[in-house]
Amino acid sequence: MIEVAAVVIRNPQGHVLTVRKKSSTKYQLPGGKPEAGEALVDAALREVAEEVGLTLDAESLNELGTFDAPAANEPGEAVVGTIFTCTRTVTTDEPHAAAEIGDTAWVNPTAPDRELAHLLRDRVFPALAG
């Protein structure tokens, strides 16, 4: 099981920020694997800063839940993600692709228009709607 921490970041229209790694065709939430001894919230904050250049603080995050799904980029593996929602609305032009990220996209969670990772499509978006 691959453990990750990720953040749901919304723009004023309610669309969710997604990222696509350079090596992938699927979009997912900004986030990633915690380093040894790193708290999940700290991993989420660090990964968001590294991947899309946004500096968030722990007080702006609320835990949505922990979900599992088939891993998007590692065939035969499963991922368990602790997902946080950000209480801060982000303007569409703030985030930018950095590090291993090839692209960012704002996605309407009720009508996705691109290929999404299983965790986002099958678990997180339904949790946001429910």
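So, how was this worked out
Residues numbered from 1 in each chain as written. Predicted model: local features only at pLDDT ≥ 70, side-chain atom pairs only at ≥ 80, totals over all residues. Heavy atoms only, no water. Helix = DSSP H or I, 4+ residues; strand = E, 2+ residues; numbered from the N terminus. Buried < 20%, exposed > 50% of the residue type's maximum accessible area, 1.4 Å probe, protein only. UniProt positions renumbered as here; feature names shortened; annotations may be inferred. Phe/Tyr/Trp six-rings, centres within 6.5 Å; stacked < 30°, edge-to-face > 60°. Lys NZ or Arg CZ within 6 Å of the ring centre and 35° of its normal. Core = buried A, V, L, I, M, F, W, Y, C linked by side-chain atoms within 4.5 Å. Expected span 1.5 Å × (residues − 1). Arc of directions from axis to C-beta. Pairing = 2+ DSSP bridges.

*Asks:* Is there a simple way to explain unusual backbone geometry in this structure?
*Replies:* Leaving glycine aside, a negative phi is the common case for residues, and trans is the common case for peptide bonds. Residue Ala 99 is not a glycine yet carries a positive backbone phi of 55°. On the secondary structure map, Ala 99 appears in the loop between strand S6 (78-86) and strand S7 (101-107). Residue classification places Ala 99 among the partly exposed positions, given a relative accessible area of 47%.

*Asks:* What should I look at first to understand the UniProt feature "domain: Nudix hydrolase" (unreviewed entry) in the protein chain in this one?
*Replies:* In the numbering used here, UniProt assigns the "domain: Nudix hydrolase" (unreviewed entry) feature to residues 1-129. The distance separating the terminal C-alpha atoms of residues 1-129 is 26 Å; by composition the span is 19% helix and 33% strand.

*Asks:* Explain the packing of aromatic side chains here, please?
*Replies:* How two aromatic rings sit relative to each other is given by the distance of their centres and the angle of their planes. Throughout the structure, instances matching the rule amount to 0 aromatic pairs. Positioned above the aromatic ring of Tyr 27 is the side chain of Arg 114, whose terminal nitrogen or guanidinium carbon lies 5.0 Å from the ring centre.

*Asks:* Any chance you could explain the nonpolar core here in plain terms?
*Replies:* Soluble, globular proteins show a tendency: their nonpolar side chains are buried together. Ranked by size, the top nonpolar core spans 19 residues in total, and within it Leu 29, Ile 83, Leu 119 and Val 124 carry the most contacts. Looking at this core, the elements that each hand over two or more residues are strand S1 (2-8), strand S5 (61-70), S6, S7 and helix H2 (118-129). Core analysis: the next-biggest nonpolar cluster, separate from the first, contains 18 residues, Ile 9, Phe 84, Cys 86 and Val 90 among them.

*Asks:* Explanation requested: H2 in the structure shown.
*Replies:* Residue pairs spaced three or four apart in an α-helix point in one direction, given the helix's 3.6 residues per turn. The first and last C-alpha atoms of H2 sit 16 Å apart over 12 residues, in line with the 16 Å expected at 1.5 Å per residue. Residues of H2 that are buried include every one of Leu 119, Leu 120, Val 124 and Phe 125, and no others. Buried residues in H2, looked at end-on, bunch into an arc of 130°, giving them a common side.

*Asks:* Would you mind going over the sheet that holds strand S3 (residues 27-28) with me for this structure?
*Replies:* The pairing of strands in a sheet happens through backbone hydrogen bonds and is either parallel or antiparallel. Here we have 3 strands laid out as an open sheet, ordered S3-S2-S7, and antiparallel in their pairing. Each edge of the open sheet carries a strand with a single partner, namely S3 and S7. Direction of pairing for strand S2 (residues 16-21) relative to S3: antiparallel, over a ladder of 2 bridges. By the bridge assignment, Val 19 is partnered in S3 with Gln 28.

*Asks:* For this particular structure, what's the right way to read helix H1 (residues 40-52)?
*Replies:* Under the 1.5 Å per step criterion, the end-to-end length of H1 is 18 Å for 13 residues, consistent within 8% with the ideal 18 Å. For H1, every residue scored as buried is listed here: Ala 43, Ala 44, Leu 45, Arg 46, Glu 47, Val 48, Glu 51 and Val 52.

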